[in-house]
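So you can see what is in the structure, the chains are spelled out below.
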Amino acid sequence: MKASYKRYLLEFKRPSGTSRGVLLDKETFILEISENGKTGIGECAVFRGLSFDDRPDYEDKLQWLCENIDKDSFYLKEELKEFPSIWFGYEQAVLNLKYGDHLYFPTAFTEGKSAITINGLIWMGDISYMEEQIQDKLEKGFHCIKLKIGVNWKEEHIVLQKLRAKFSKEQLELRVDANGGFSKEEAVSVLKQLADLDIHSIEQPIKAGNWDDMADLCATTPTPIALDEELIGVIDSGEKKKLLERINPQYIILKPALVGGFSGSDEWISLAEKQNIGWWITSALESNIGLNAIAQYTFTKKNPMPQGLGTGALFVNNFESSLELRNELLWFKI
């Protein structure tokens, strides 16, 4: 078995705003594993500034994996536990090597018989830009929209009020993602305002790492809270259990590239379900390679909620897609 990797820089069609700043490009690494004339491809989707494994020795560890690709997977997983996106790429490549073509998890989804319902993502910007995106998503038939908030709450609140005035919660599910953009005091007020608008949930209202403050918010919130960045860097199973028991959120958000791939996501899901905590899966600006693998994995979990999967349409230089969007349904091309 042999392995190699290459760095690839995805360029946004348009600068994309979050509460952490504006994104112009997205670095990623493509891993290839070959054996007996077959090749498996995976994406090591590091997220600079957010990933737990965003560190100077990232490429050194990728090279180490390539040099040790024949080692036992249990050994590799232990060695890569602090590099969740590299482990994620390894998991993908091994599955693709096994199934071939563009397959990772063969199911009715990859046979083109069933699809995944996704939410429409609205990026931050001025009111006109956000409303332009919303109109586009509504025209495409989305019934669940997620808006990035936390930069200018006054304007963002107006957008949400306008939306809810036009569409009831039965007609349109609204989710918001603050990316830790509020203080605890601000969050208390925002959570009440969101509840008045029948908002489905808010992701990460305050910065990750403040377990006590987040626990206080989750215990009293009128709007369901979903943990996102809070899960990043929590590796040990006991620590995961401790976090969920301490904070007791209404939901958790799983980004495989950030939480240890498919196996890491499986562990979080198992722990959450034991506590009756809801969950859904989202992508994290992967290329079409990683997005395809995540979509196939997501289908196997049989979660009926709209999932937070991208469509690969954000980038000007993406790889050929195995997926296509029809209205709010993500299908596998056959």
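Residues numbered from 1 in each chain as written. Predicted model: local features only at pLDDT ≥ 70, side-chain atom pairs only at ≥ 80, totals over all residues. Heavy atoms only, no water.

1. Topic: the sheet that holds strand 10 (residues 251-254)
As summarised here, the arrangement of the seven strands in space is 5-6-7-8-9-10-11, forming an open sheet in which the pairing is parallel. The open sheet has two free edges, formed respectively by strand 5 (120-122) and strand 11 (278-281), since each of these has just one partner strand. On average, each strand axis in the sheet is inclined to that of its neighbour by 25 degrees, with strand direction left out of account. The sheet contact formed by strand 10 and strand 11 spans four bridges and is parallel. Along strand 11, the bridge assignment pairs Tyr251 with Gly278. Taken strand by strand, helix 4 (residues 127-139) contacts strand 5 and strand 6 (144-148), and its axis lies near 170 degrees from that of strand 5. (Pairing = 2+ DSSP bridges. Helix = DSSP H or I, 4+ residues; strand = E, 2+ residues; numbered from the N terminus. Axes fitted to C-alpha atoms, helices over the stretch in contact; angles between N-to-C directions. Contact = heavy atoms within 4.5 Å.)

2. What to know about helix 5 (residues 153-166)
For the α-helix, the turn length of 3.6 residues means that residues three or four positions removed from each other point alike. Between the first and last C-alpha of helix 5 there are 20 Å, a value that for 14 residues agrees with the 20 Å anticipated at 1.5 Å per step. Every buried residue of helix 5 is listed here: Trp153, Glu156, His157, Val159, Leu160, Leu163 and Arg164. Mapping the buried residues of helix 5 onto a view down its axis gives an arc of 160 degrees, with all of them on the same face. Turned more than 90 degrees away from the buried face of helix 5 sit Lys154, Ala165 and Lys166, all of them exposed. Here the buried face of helix 5 lies against helix 4, strand 6, strand 7 (173-177) and helix 6 (184-196). (Expected span 1.5 Å × (residues − 1). Buried < 20%, exposed > 50% of the residue type's maximum accessible area, 1.4 Å probe, protein only. Arc of directions from axis to C-beta.)

3. Remarks on the pattern of salt bridges
Per the counting criterion, the structure on display carries 23 salt bridges. A salt bridge links Glu173 to Arg175, with the nearest nitrogen and oxygen atoms 2.9 Å apart. The exposure class of Glu173 is partly exposed, given its relative accessible area of 23%. Salt-bridge contacts for Lys241 lead to Glu245; the nearest nitrogen and oxygen are separated by 2.7 Å. Separated by four residues within a single helix, Lys241 and Glu245 lie in helix 8 (residues 237-247), roughly one turn from each other. Taken together, the salt bridges that share partners define one network made up of Arg7, Glu27, Arg48 and Asp54. (Salt bridge = Lys/Arg side-chain N within 4 Å of Asp/Glu carboxyl O.)

4. Let's talk about the packing of aromatic side chains
This structure, assessed with the given rule, holds 15 aromatic pairs. Judged by centre distance (5.1 Å) and plane angle (80 degrees), the rings of Phe88 and Phe262 are edge-to-face. One end of the pair, Phe88, is in helix 3 (residues 84-99); the other, Phe262, is in helix 10 (residues 261-274), with 174 residues separating them in the sequence. Pairwise contacts between aromatic rings join Tyr5, Phe29, Tyr58 and Phe83 into one cluster. In this arrangement the basic side chain of Arg175 is found over the ring face of Trp280, its NZ or CZ atom lying 4.2 Å from the centre. (Phe/Tyr/Trp six-rings, centres within 6.5 Å; stacked < 30°, edge-to-face > 60°. Lys NZ or Arg CZ within 6 Å of the ring centre and 35° of its normal.)

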